[in-house]
Amino acid sequence: MKKIGYRLAAAAVATVLLLSSSGCRVGKEVVTISRGMSDDEVFSIGGKVCSLPVMKLLLMNNMNLHGESYGIDLLQNEDLKVQKKFEQYVKKITMDEVTQIYCMAALADEQGLTLTDEEKELTQWAGEDCFKSLSDEEVTYLAITQEDLEDIYEKYALADKLYRSLVMDVNEEVSDDEARIMEVRRIFTSDESQAKKAKEELDQGTEFSTAAANYNEADEISMKLQRGVLPEEAEDIVFSMENGETSDLIRTDQGCYIFYCDNKFNEVETQIHKQDIVEERKQEAFRSVYDPFVETVDSKLNEGIWTGISIREMEKYPFADFEVIYEKYMGNEG
């Protein structure tokens, strides 16, 4: 759901093949293993229970969304290790996202936040639409009801509403200078004597890239630079430079720098960075309330049910429209 600011990003295929299951977590807290839950309950958070049919639907959805990456069909891959890693990946990203949704729904309850009648009606329509989009075979396999779907859409909508409420007071004004992206070339060396030699050559007319090729210890010479990356003493100098200007030798605790300014203000990149800064502010506002709540919320995992779920048995079912349906009904909310 693109509107939910905390949404987990899909990983590239290389990451898919390297990830392994690291256990179920709600935020920083490992979910407590419990044998006292029923056979159709996967986990509970703050008294809110995720049923097996709902979890299987979301696993199926994510499996089909991520089944093909960069032209590789991971579901049909003959390498058993690849199949196992992919299954671990799908289960992990699904559990991570769903536990966060349930935790946010519990937090919304604590804060007295609820959906309006209009919003509830939209989640009911979403649930009805989703149920109708499932084949008879999928409904039978999942053992899911329309009410189950209405309930999970309501939880996603409530989590979305909670997020918006927690970030509504975030200042979205960002100045050009705060977000400014520069294009520079640099020479960095931990050896001051080498830095002095580089500066002497530059003063004698050596082209900057030529000198950098001889003295730079950093991985790259050219870089796009934003505030907060360099040591403060270097940043103050660099962000006062003009196009075509070469800095003096700058000494820091990390080593010595010399910079050449190619473009003191990349307008396109700066506008993009403004959006990133606003998003960072929103994340900070969200986490400042969410993280402390996570530390105290009660949580249980039905380990036997969770470990027994295999996405391999879901391969013949094509459902992957959970997010599309959410956006159809809730995409304009907020």
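Just so we're clear, the structure is a prediction, and the values are computed from it rather than from any experiment.

Rules used throughout
Residues numbered from 1 in each chain as written. Predicted model: local features only at pLDDT ≥ 70, side-chain atom pairs only at ≥ 80, totals over all residues. Heavy atoms only, no water. Pairing = 2+ DSSP bridges. Helix = DSSP H or I, 4+ residues; strand = E, 2+ residues; numbered from the N terminus. Patch = residues over 30% accessible without salt bridge, like charges linked within 9 Å, V, L, I, M, F, W, Y side chains within 5 Å. Areas by Shrake-Rupley, 256 points an atom, 1.4 Å probe, with all protein chains shown as cover. Salt bridge = Lys/Arg side-chain N within 4 Å of Asp/Glu carboxyl O. Lys, Arg positive; Asp, Glu negative; His and termini not counted. Charge placed at Lys NZ, Arg CZ, Asp CG, Glu CD. Axes fitted to C-alpha atoms, helices over the stretch in contact; angles between N-to-C directions. Parallel < 35°, antiparallel > 145°, perpendicular 65-115°, else oblique. Left-handed = near helix turned anticlockwise from the far one by under 90°. Contact = heavy atoms within 4.5 Å. Nonpolar A, V, L, I, M, F, W, Y, C, P; charged D, E, K, R; others polar. pLDDT = per-residue confidence, 0-100.

As for the pairing of strand β5 (residues 48-51)
Part 1 of the reasoning: One ladder, built from four bridges, connects strand β4 (residues 41-45) with β5; its direction is antiparallel. Residue pairing for β5: Ile 45 is matched across the bridge by Lys 48.
Part 2 of the reasoning: A loop of two residues connects β4 with β5, the two strands running antiparallel in sequence, and Gly 46 in this loop sits at a positive phi of about 55°.

A few points about a negative patch on the surface
Part 1 of the reasoning: There is a patch of like negative charges on the surface, built from Glu 232, Glu 233, Asp 236 and Asp 253.
Part 2 of the reasoning: Note that Asp 236 resides in helix α10 (residues 232-238).

Quick word on the packing of helix α3 (residues 80-110) against helix α6 (residues 146-167)
Part 1 of the reasoning: It is at 8 Å that the axes of α3 and α6 come closest, and there the two elements cross at 70°. By the angle between their directions, the pair α3 and α6 is classed as roughly perpendicular. When the axes of α3 and α6 are compared, the crossing they make is left-handed. Contact residues: Glu 97, Val 98, Ile 101, Tyr 102, Met 104, Ala 105, Leu 107, Ala 108 and Asp 109 in α3; Ile 152, Lys 155, Tyr 156, Leu 158, Ala 159, Leu 162 and Tyr 163 in α6.
Part 2 of the reasoning: Of the residues that constitute the contact of α3 with α6, the class distribution is 13 nonpolar, no polar and three charged.

Looking at the sheet that holds strand β9 (residues 222-225)
Part 1 of the reasoning: Pairing in this open sheet of four strands is antiparallel, and the strands run β9-β8-β11-β10 from one edge to the other. Among the strands making up the open sheet, the edge pair consists of β9 and β10 (250-251).
Part 2 of the reasoning: Across the sheet, helix α9 (residues 208-215) lies against β8 (182-189) and β11 (256-263), angled at about 40° from β8, the strand it touches most.

A short note on the confidence of the model for the protein chain
Part 1 of the reasoning: When the pLDDT values of the protein chain are averaged, the result is 87; 87% of them are 70 or greater.
Part 2 of the reasoning: Residue range residues 1-29 is modelled with pLDDT below 50. Its contacts to residues more than four positions away, or to other chains, number 82 contacts.

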